[in-house]
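Residues per chain are reported as follows:
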Amino acid sequence: MPSIEVPVPPLECQRDHFRLPQGEHYLNCAYQGPLPAVVEDAGVRAIARKRAPAGILPEDFFNDADEARSRFARLVNAPRAEEVAILPSVSYGVAIAALNLPLERGQNIVLTHEQFPGNVYGWRSLADRVGANIRTVGPPGSGGEDRGGAWSARILDAIDRDTGIVTLGNVHWADGTRFDLMAIGARAREVGAALVIDGTQSVGALPFDVQEVRPDALIVAAYKWLLGPYSLALGYFGPRFSDGVPLEEGWIARGGSEDFQGLVDYRDDYQPGSIRYDVGERSNFILLPMVNAALALIEEWKPSRIQDYCRRLLADAIPELAELGFGVPSGDLVAHHIVGLRMPEGLDLKRVQRTLTERRVFASLRGSALRVAPNVYNASDDVSALVSALRAAVG
């Protein structure tokens with residue numbers, strides 16, 4: 001008999017899982033995700049454990065890291081947990097990609113206008129070293145209807161036979177513009193270019209499937225939508241990197257490193273897959289338990305349900321804000337966890353920021369957009385406070 005798929009109920013507000021201050025309306029997860037209580041508690045327990053290190057056994061150098069790999073691999077549907085590396089930041093993962101991806105003089109690297117700098121400087125340095133070109137693709141002329149589709153079309157036009165690398169986020173960090181990664185990835189493969197994705201502003205709150213998108217690398221900082229600690233990131237590195245060169249030659253990335261007594265029997269082979277790219281001292285006895293607790297929550301809530309929750313949360317506010325003159329995103333390529341509101345003409349941005357601050361509404365001004373970034377800890381009162389503050393700012 002065919003299996004019967006049980007429908008998953010919509011996600012409800014999860015504010016009770018967080019210890020946010022009363023009276024604050026924190027709509028700014030794209031800036032920093034707050035730690036859920038279980039993640040905070042995991043960190044406190046981990047600090048206490050480090051206080052008495054006799055209880056930290058050799059296998060503990062591996063178990064938490066292996067759990068993080070497995071959880072992240074499930075989250076993004078990576079084929080194997082061994083393809084996931086433990087990193088300190090997105091820029092570190094970009095440096096790994098830049099070191100290992102082939103690029104020749106006269107080729108180009110395609111990236112988006114005002115991309116987050118952690119996914120820019122490494123490529124600029126690579127281009128300078130080999131004599132390649134940076135091809136920056138700007139947005140369409142207006143922030144109106146189907147901004148994501150129009151911007152994606154421009155990216156597709158920029159990719160040609162001289163393109164060696166295409167790199168961007170799933171959504172733009174400043175205003176939440178969502179890109180058509182399926183089409184962009186297909187075009188990159190057509191010309192033989194590598195595709196490197198910074199998933200920091202999407203993975204955890206928006207479904208991402210490595211086996212569908214087929215990036216060569218996907219790098220995600222843990223402190224935003226994964227609701228984890230700062231200074232830790234996770235990176236999927238695909239087949240292009242199977243025999244690559246790491247930034248560091250860490251002892252734990254070598255074959256046989258589980259045998260502490262035999263560590264002086266130096267070996268040339270690495271641990272399988274992308275473990276060779278792990279940062280030195282990757283067995284962080286404080287941060288890894290925290291990120292595992294966070295990934296367990298995301299796995300329970302599911303990114304599809306988180307995305308749907310954000311959509312429902314903002315559904316009534318979007319038309320209200322449009323009536324006030326704010327430009328709101330539309331079209332098929334929309335992310336509901338990051339909404340970039342374009343300012344009405346003539347509105348003083350300082351007045352907007354001052355009004356939000358006075359009313360304890362937390363969102364981020366990024367360029368010409370107000371970036372509103374809700375998550376599962378937000379409720380209707382937070383959205384009402386935002387709309388009320390913006391109505392007051394418009395005057």
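Residues numbered from 1 in each chain as written. Predicted model: local features only at pLDDT ≥ 70, side-chain atom pairs only at ≥ 80, totals over all residues. Heavy atoms only, no water.

**Observations regarding the overall build of the chain**
Convention followed: Under the DSSP-based scheme used, a helix requires at least four consecutive residues in state H or I and a strand at least two consecutive residues in state E, with every element numbered from the N terminus. Type-normalised accessible area, obtained with a 1.4 Å probe on protein chains alone, sets the label of each residue: buried when under 20%, exposed when over 50%, and partly exposed for intermediate values. The accessible surface values rely on the Shrake-Rupley method and a 1.4 Å probe; as for residues, cover is taken only from the protein chains in view.
For the chain, the count of helices and strands is 12 helices and 12 strands. Overall, the chain is about 70 × 55 × 55 Å in size when its C-alpha atoms are taken along their principal axes. Relative to its full complement of 395 residues, the chain shows a buried share of 52%. Working note: accessible area of the chain is about 17,800 Å², and carbon and sulfur atoms make up 51% of it.

**A word on the sheet that holds strand 12 (residues 369-372)**
Selection criterion: The criterion for strand pairing is that DSSP finds at least two bridges linking the strands in question. Comment: axis = line fitted to C-alpha atoms, over the contacting stretch for helices; angle = value between 0 and 180 degrees taken between N-to-C directions.
Here three strands make up an open sheet; going across it, the order is 9-12-11 and the pairing antiparallel. Of all strands in the sheet, those bounded by a partner on one side alone are strand 9 (339-342) and strand 11 (364-366). Taken pair by pair, the neighbouring strands of this sheet meet at an average axis angle of 35°, ignoring direction.

**Topic: unusual backbone geometry**
Not every positive phi belongs to a glycine, and Arg 214 is a case in point at roughly 60°. With a phi close to 70°, Ser 231 is a non-glycine residue in the positive phi region. Along the chain, Ser 231 turns up in the loop between strand 7 (217-221) and strand 8 (233-237). In this structure Ser 231 comes out as partly exposed when scored by relative accessible area, which is 43%.

**Overview of the environment of Tyr 377**
The test is simple: Contacts are assigned to residue pairs that have any heavy atoms within 4.5 Å of one another.
Checked against the element boundaries, Tyr 377 lands in the loop between strand 12 and helix 12 (380-394). It is 34 Å that separates the C-alpha atoms of Tyr 377 and Ile 56, two residues lying 321 residues apart in sequence. If we ignore the near neighbours within four places in the chain, the residues touching Tyr 377 are Cys 13, Gln 14, Arg 15, Phe 18, Leu 20, Tyr 26, Cys 29, Pro 34 and Asp 382.

**Some details on the packing of aromatic side chains**
The relative placement of two aromatic rings is captured by the distance of their centres and the angle of their planes. Inclusion rule: For Phe, Tyr and Trp, where Trp contributes only its six-membered ring, two rings pair if their centres lie within 6.5 Å, and the inter-plane angle classes them as stacked under 30 degrees, edge-to-face over 60, or tilted in between.
On inspection of all chains with the given rule, the structure shows 14 aromatic pairs. Ring geometry for Tyr 26 versus Phe 362: centroids 6.4 Å apart, planes at 40°, classification tilted. Residue Tyr 26 is located in strand 1 (residues 25-26), and its partner Phe 362 is located in strand 10 (residues 361-362); the two are separated by 336 residues in the primary sequence. A residue is classified by how much of its surface remains accessible, and Tyr 26, at 15% relative accessible area, is buried.

**Quick word on the side chain of Asp 216**
How we decide: Within 3.5 Å is the distance limit for a polar contact, defined as a pair of N or O atoms, with the added protein rule that one can donate a hydrogen and the other accept it, and that residues adjacent in sequence qualify only through two side-chain atoms.
Positionally, Asp 216 belongs in the loop between helix 7 (210-213) and strand 7. By relative accessible area, which is 13% here, Asp 216 ends up buried. A distance of 2.8 Å separates the side chain of Asp 216 from the side chain of Arg 240, its partner in a polar contact. When near neighbours in sequence (up to four residues on either side) are disregarded, Asp 216 contacts Ala 193, Ala 194, Leu 195, Tyr 236, Phe 237, Gly 238, Arg 240 and Phe 241.

**A word on the sheet that holds strand 8**
Pairing is mixed in the open sheet, where seven strands are placed in the order 2-8-7-6-5-3-4. Since the sheet does not close on itself, it has two edges, and those belong to strand 2 (84-87) and strand 4 (133-137), each with one partner. Across the sheet, the mean angle from the axis of one strand to that of its neighbour is 20°, orientation sign disregarded. Taken together, the five bridges between strand 3 (residues 108-112) and strand 4 define a ladder with parallel strand orientation.

**Concerning a nonpolar patch on the surface**
Cut-off, in case you're wondering: To count toward a patch, a residue needs a relative accessible area above 30% and no salt bridge. Like charges then connect within 9 Å, nonpolar side chains (Val, Leu, Ile, Met, Phe, Trp, Tyr) within 5 Å. Salt bridges are defined by distance alone: a side-chain nitrogen of Lys or Arg within 4 Å of a carboxyl oxygen of Asp or Glu.
Among the surface-exposed residues, Leu 99, Val 245 and Leu 247 lie close enough to one another that they form a single nonpolar patch of about 240 Å² accessible area. Its location among the elements puts Leu 99 in helix 3 (residues 90-100). Owing to a relative accessible area of 44%, Leu 99 belongs among the partly exposed residues under this scheme.

**So, the side chain of Asn 100**
Position of Asn 100 among the secondary structure elements: in helix 3. Reaching out from Asn 100, the side chain makes a polar contact with the backbone oxygen of Ile 96 at a distance of 2.9 Å. Beyond its immediate stretch of four places on either side in the chain, Asn 100 contacts Phe 241, Gly 244, Val 245 and Tyr 277.

**Overview of the environment of Pro 139**
By the secondary structure assignment, Pro 139 is in the loop between strand 4 and helix 5 (147-158). A sequence separation of 239 residues divides Pro 139 from Asn 378, and the C-alpha atoms of the two residues are 30 Å apart. Apart from residues lying up to four places away in sequence, Pro 139 is in contact with His 113, Arg 147, Trp 151 and Arg 154.

**Comments concerning the state of the cysteines**
What counts, and what does not: The term disulfide is used for any two cysteine sulfur atoms that are within 2.5 Å.
Counting across every chain of the model gives zero disulfides. Between Cys 13, a free cysteine, and Cys 310, which holds the nearest cysteine sulfur, the sulfur-to-sulfur gap is 11 Å. In this structure Cys 13 comes out as partly exposed when scored by relative accessible area, which is 33%.

**Description of the packing of helix 8 (residues 287-301) against helix 9 (residues 303-314)**
What counts is decided by this rule: The scheme is simple: roughly parallel for angles under 35 degrees, roughly antiparallel for over 145, roughly perpendicular for 65 to 115, oblique for anything else. Here the nonpolar group is Ala, Val, Leu, Ile, Met, Phe, Trp, Tyr, Cys and Pro; Asp, Glu, Lys and Arg are the charged ones; every other residue, Gly included, is treated as polar.
Direction vectors running N to C along helix 8 and helix 9 enclose 70°, while the axes themselves pass 6 Å from each other. As the angle between them shows, helix 8 and helix 9 are arranged roughly perpendicular. Every residue of helix 9 that contacts helix 8 at Ile 298, Glu 300 and Trp 301 is listed here: Pro 303, Arg 305 and Ile 306. A breakdown of the residues in the contact of helix 8 with helix 9 according to their chemical character gives four nonpolar, no polar and two charged.

**Digging into helix 4 (residues 121-130)**
Put simply, the rule is: The reported arc concerns the directions from the helix axis to the C-beta atoms and nothing else.
Among the residues making up helix 4, those that are buried are Trp 123, Leu 126 and Ala 127. The buried side chains of helix 4 occupy one side of the element, clustering within an arc of 100° when seen end-on. What points out from helix 4, more than 90 degrees from its buried face, is the exposed set Tyr 121, Asp 128 and Arg 129. Trailing helix 4 by a residue or two, Gly 131 shows a phi angle of about 80°, which is positive.

**Comments concerning the packing of helix 3 against helix 4**
The relative placement of two packed helices is expressed as an angle between their axes plus a distance between the axes. We count it as follows: By convention, the crossing between two helices is left-handed when the near helix turns anticlockwise from the far helix through less than a right angle, and right-handed when the turn is clockwise.
Their axes nearest at 9 Å, the elements helix 3 and helix 4 cross at an angle of 25°. For the element pair helix 3 / helix 4, the angle class is roughly parallel. The way helix 3 lies across helix 4 gives a crossing that is right-handed. For the pair helix 3 and helix 4, contact is made by Val 94, Ala 97 and Ala 98 and by Gly 122, Trp 123, Leu 126 and Arg 129, respectively.

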